[in-house]
Amino acid sequence: MTNIAELQSISSQMRRDVLRMVHAVKSGHPGGSIGCADFFAALYFEVMKHRVSFDMNAAEEDVFFLSNGHISPIFYSALARSGYFEVSELCTFRKLNSRLQGHPATAEHLPGIRMASGSLGQGISVAAGAALAKKLNGDKHIVYALMGDGEIQEGQNWEAFMFAAHQKIDNLIVTIDFNGQQIDGSTEKVMGIGADIEDKMKAFGWTVLHMDGHNFESILATMADAKNLCGQGKPIFIMMKTEMGYPVDFMMGSHKWHGVSPNDAELANALSQLPETLGDY
Amino acid sequence: MVVLALQCLFCEAIKTISSQQLYKMKTFAIQNTKDTRSGFGEGLHELGKKNERVVALCADLIGSLKMDAFIKDYPNRFFQMGIAEANMISVAAGLTIGGHIPFTGTFANFSTGRVYDQIRQSVAYSNKNVKICASHAGLTLGEDGATHQILEDIGLMKMLPNMVVINPCDFNQTKAATIAIAGYEGPVYLRFGRPAVPNFTPVDQHFEIGKAIMLNEGADVSIFATGHLVWKAIEAGHILAEKGINAEIINIHTIKPLDAAAILASIAKTGCAVTAEEHQMNGGLGDSICQLLATNNPTPLEMVAVNDSFGESGTPDQLMEKYGLTATAIVEKAMKVIARKK
């Protein structure tokens, strides 16, 4: 069991990785990435039972799908820091001939990536399919997925929500990153997804949980609850409250840092707020 | 009624063959008339027994796709997806992670245009072992009209890297192709149709992906046909033989990967080509062969295909006649292209 201090240390380093990766190529999506750093640290270092010796079919292990593929920097950092590939490879992010494409891809055979994502709205369907595959195989492990809150505007999600409930896919835990921001502004301004997402999901037949995405006690406790609710006939939906850009002071409070890279001074400022714990790549 | 009308249309050309033909065109016995979608249904059912990794998904068109037998015998390996095709394609991609071989079933229109991005990202780009099985392709869907008559699907699918595109010609070949694609690791688009058409290829044939089939060796013109147009090409071959023209007829059941060697070898003999398909000129088989010939052996070529138009309501044979996808049209194009090479 990884203790919370260790998880905090890991997530701080992962946030540093993200900002340095995005800064190096002057492109990428830092805000949502560092906002989800604690979730990824908990998932890859505590919650999931997974093997870093990569098996595409994920037999007899938990598996994770990132639907909002634009937060690839934090996904790559989590995979590297947990041992799927060398941390030094993070410096190739978004560069020519890299396995670390702008959005996750399988074509370059990066260990840990099982499906391309980036075109939004597809990941929950994919995760539901993979969860169904586990059921067919008699594999008791769990399929996890993360999606963005703006992403829920894509209609395919609702097809997937209907399907997973109808098929009683109860080995599926979907987390939505509720940071309230998307490219053009706040989610409420762009396309009101509503304060009643919980009611909508319950009406669709899902079990709904809440957690604070910047509090490891909350993340671990909620994830433990979610695991315990598996096998009871319903897919599980976790509403995770986060702040885009957390905890870098100038990156929080708006959508500005969704898809822009920090300049040299901004990077230095941000890194000064994030302790280097495991050594920069 | 549709079946009877079609039979009548298909037999018409054969009746016109006179005893004076100069070239002996190979004849093909019609075993029966059957829809190619039923070939898919039988193939899928057989796969259910042969390969436990095969699973099937359908978007509320079980009867149309002839999936009933598979569902009856393998209910735990079938998933009703409802009218939600985008979800179906992505779920199929997810099912491959775990080693399953998903066969998705819906009309060709909803198998391609409606779900292009899902196929592009989660199937083709991610190189997943999904078999996209598409019925009611082309004009011969008939009375439902242009909303359902996709004529762009071959083009859409062949443009995707990693995607194999197959359009078999009759019941037996569709069954064989269905069984064969389960043994191929990677994305496949399998296209078939609604109406009953002559079933003339061998029962229980071995289907080799990407291998063109020589139907009649000839010297004057190469006719490359796919899908429902293969039988019409045979009819055309008989008419041409009567006119003293020795047509080579090749069934291109796999549009991608294209059997370049077979096509170039035929062109080396005949020096001109006609392509025939139930699809738009843009993006179809003819388009692929034009590209091959232009870059390897520039050759006069004529196309029998729909010319930048949507379809409309009508019986299948009325539509094929109106849009020029007939044996007569193939004959006319053959005469024209032979004149061009001289």
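Residues numbered from 1 in each chain as written. Chains lettered and ligands numbered in written order. Predicted model: local features only at pLDDT ≥ 70, side-chain atom pairs only at ≥ 80, totals over all residues. Heavy atoms only, no water.

**Details of the overall build of chain B**
Piece 1. Secondary structure summary: chain B contains 14 helices and 14 strands in total.
Piece 2. Once the C-alpha set of chain B is aligned to its principal axes, its extents read approximately 60 × 45 × 35 Å.
Piece 3. Looking at chain B as a whole, 63% of its 342 residues are labelled buried.
Piece 4. Here the contacts in chain B between residues at least 6 apart in sequence split such that 82% fall between residues at least 24 apart. (Helix = DSSP H or I, 4+ residues; strand = E, 2+ residues; numbered from the N terminus. Buried < 20%, exposed > 50% of the residue type's maximum accessible area, 1.4 Å probe, protein only. Contact = heavy atoms within 4.5 Å.)

**Digging into the packing of helix H1 (residues 4-25) of chain A against helix H9 (residues 216-229) of chain A**
Angle between the axes and distance between the axes are the two parameters that describe a pair of packed helices.
Residues and elements named next belong to chain A.
Piece 1. One way to put it is that H1 packs onto H9 with a least axis distance of 10 Å and a crossing angle of 110°. If you check the angle between H1 and H9, you find them roughly perpendicular. For the pair formed by H1 and H9, the contact residues are Ile4, Leu7, Gln8 and Ser11 on the first element and Phe216, Glu217 and Leu220 on the second.
Piece 2. Here the contact of H1 with H9 is built from residues that sort into four nonpolar, two polar and one charged. (Axes fitted to C-alpha atoms, helices over the stretch in contact; angles between N-to-C directions. Parallel < 35°, antiparallel > 145°, perpendicular 65-115°, else oblique. Nonpolar A, V, L, I, M, F, W, Y, C, P; charged D, E, K, R; others polar.)

**Digging into the sheet that holds strand S2 (residues 143-148) of chain A**
All names here are of chain A.
Piece 1. The strand order S1-S2-S3-S7-S6 describes an open sheet built from five strands, whose pairing is parallel. With one partner strand each, in any of the chains shown, strand S1 (63-66) and strand S6 (207-212) form the two edges of the open sheet. Taken pair by pair, the neighbouring strands of this sheet meet at an average axis angle of 20°, ignoring direction.
Piece 2. The sheet contact formed by strand S3 (residues 172-178) and strand S7 (residues 236-241) spans six bridges and is parallel. What sits directly across from Ile173, in S7, is Ile236.
Piece 3. Against the sheet, H9 engages S2, S3, S6 and S7, with an angle of about 165° to S6. (Pairing = 2+ DSSP bridges.)

**Overview of the interface of chain B and chain A**
Piece 1. At the junction of the two partners, chain B supplies 26 residues and chain A supplies 28 residues.
Piece 2. Carbon and sulfur atoms supply 56% of the area buried between chain B and chain A, which totals about 2200 Å² over both sides.
Piece 3. The largest share of the area that chain B buries against chain A comes from Ile97(B), Gln121(B) and Tyr125(B), three residues that together contribute 28% of it.
Piece 4. Where chain B packs against chain A, one counts zero salt bridges. (Buried area = accessible area lost by both parts, 1.4 Å probe. Salt bridge = Lys/Arg side-chain N within 4 Å of Asp/Glu carboxyl O.)

**Some points on the sheet that holds strand S10 (residues 221-225) of chain B**
Note on sheets: strands pair through backbone hydrogen bonds, and any given pair is parallel or antiparallel.
Residues and elements named next belong to chain B.
Piece 1. Spatial ordering of the open sheet is given by S9-S11-S10-S13-S14, a layout of five strands whose pairing is mixed. Whereas interior strands pair on both sides, the edge strands pair on one side only; in this sheet they are strand S9 (213-216) and strand S14 (301-306). Each neighbouring strand pair of the sheet contributes to a mean axis angle of 25°, computed without reference to strand direction.
Piece 2. One ladder, built from five bridges, connects strand S13 (residues 273-280) with S14; its direction is parallel. Across the sheet, Gln280 pairs through a bridge with Val306, a residue of S14.
Piece 3. Strands in contact with helix H11 (residues 260-270) are S9, S10, strand S11 (247-251) and S13; relative to S10, the strand with the most contacts, it is inclined by about 155°.
Piece 4. Running over the sheet, helix H14 (residues 327-341) touches S10, S13 and S14 and is turned about 155° from S14.

**Describing the domain arrangement of chain B**
Residues and elements named next belong to chain B.
Piece 1. When the domains of chain B are assigned, the result is domain 1 (2-30 + 210-341) and domain 2 (34-199).
Piece 2. Computed from C-alpha atoms alone, the centre-to-centre distance between domain 1 and domain 2 is 25 Å.
Piece 3. Counting residues at the interface gives 38 residues for domain 1 and 35 residues for domain 2.
Piece 4. Interface of domain 1 and domain 2: buried area, both sides summed, is about 2800 Å²; carbon and sulfur atoms make up 61% of it.
Piece 5. Between domain 1 and domain 2 we count one salt bridge in total.
Piece 6. Contributions of two or more residues to the side of domain 1 that touches domain 2 are made by helix H1 (2-15), helix H10 (229-242), strand S12 (254-256), S13, helix H12 (285-296) and helix H13 (316-322). (Domains from an automatic or database assignment.)

**Concerning the packing of H1(A) against helix H4 (residues 72-81) of chain A**
All names here are of chain A.
Piece 1. Between H1 and H4, the shortest axis-to-axis distance is 9 Å and the interhelical angle comes to 125°. One element, H1, and the other, H4, form an angle in the oblique class. In the crossing of H1 with H4, the sense of the turn from one axis to the other is right-handed. Facing Gln13, Met14, Asp17, Val18, Met21 and Val22 of H1, the residues of H4 in contact are Pro73, Ile74, Tyr76, Ser77, Ala78 and Arg81. (Left-handed = near helix turned anticlockwise from the far one by under 90°.)

**Some words on the pairing of S1(A)**
Residue and element names in this part refer to chain A.
Piece 1. Because side chains alternate across S1, one face comprises the buried residues Val63 and Phe65, and the other comprises Phe64 and Leu66, equally buried.
Piece 2. By the bridge criterion, four bridges tie S1 to S2 in an arrangement that is parallel. If you follow Phe64 over to S2, its bridge partner there is Tyr144.

**Remarks on the packing of aromatic side chains**
Piece 1. For the structure on display, the rule yields 22 aromatic pairs over all chains.
Piece 2. Between Phe161(A) and Trp206(A) the ring centres are 5.4 Å apart and the planes differ by 80°, which places this aromatic pair in the edge-to-face class. With Phe161(A) in helix H6 (residues 156-166) and Trp206(A) in the loop between helix H8 (197-203) and S6, this pair connects stretches of sequence that are 45 residues apart.
Piece 3. Its relative accessible area of 1% is what places Trp206(A) among the buried residues.
Piece 4. Connected via pairs of aromatic rings, a cluster forms that spans Phe39(A), Phe40(A), Tyr44(A), Phe64(A), Phe75(A) and Tyr84(A).
Piece 5. When the ring centre of Tyr281(A) is taken as reference, the NZ or CZ atom of Arg20(A) above it lies at 4.4 Å.
Piece 6. For Lys34(B), the ring lying beneath its charged end belongs to Phe171(B), and the centroid distance is 3.9 Å. (Phe/Tyr/Trp six-rings, centres within 6.5 Å; stacked < 30°, edge-to-face > 60°. Lys NZ or Arg CZ within 6 Å of the ring centre and 35° of its normal.)

**What about the side chain of Thr201(B)?**
All names here are of chain B.
Piece 1. Within the secondary structure, Thr201 is located in the loop between strand S8 (196-199) and S9.
Piece 2. A distance of 2.7 Å separates the side chain of Thr201 from the side chain of Gln205, its partner in a polar contact.
Piece 3. If sequence neighbours within four positions are ignored, Thr201 has contacts with Gln31, Cys169, Asp170, Asn172 and Gln173. (Polar contact = N/O pair within 3.5 Å; in protein donor to acceptor, adjacent residues only side chain to side chain.)

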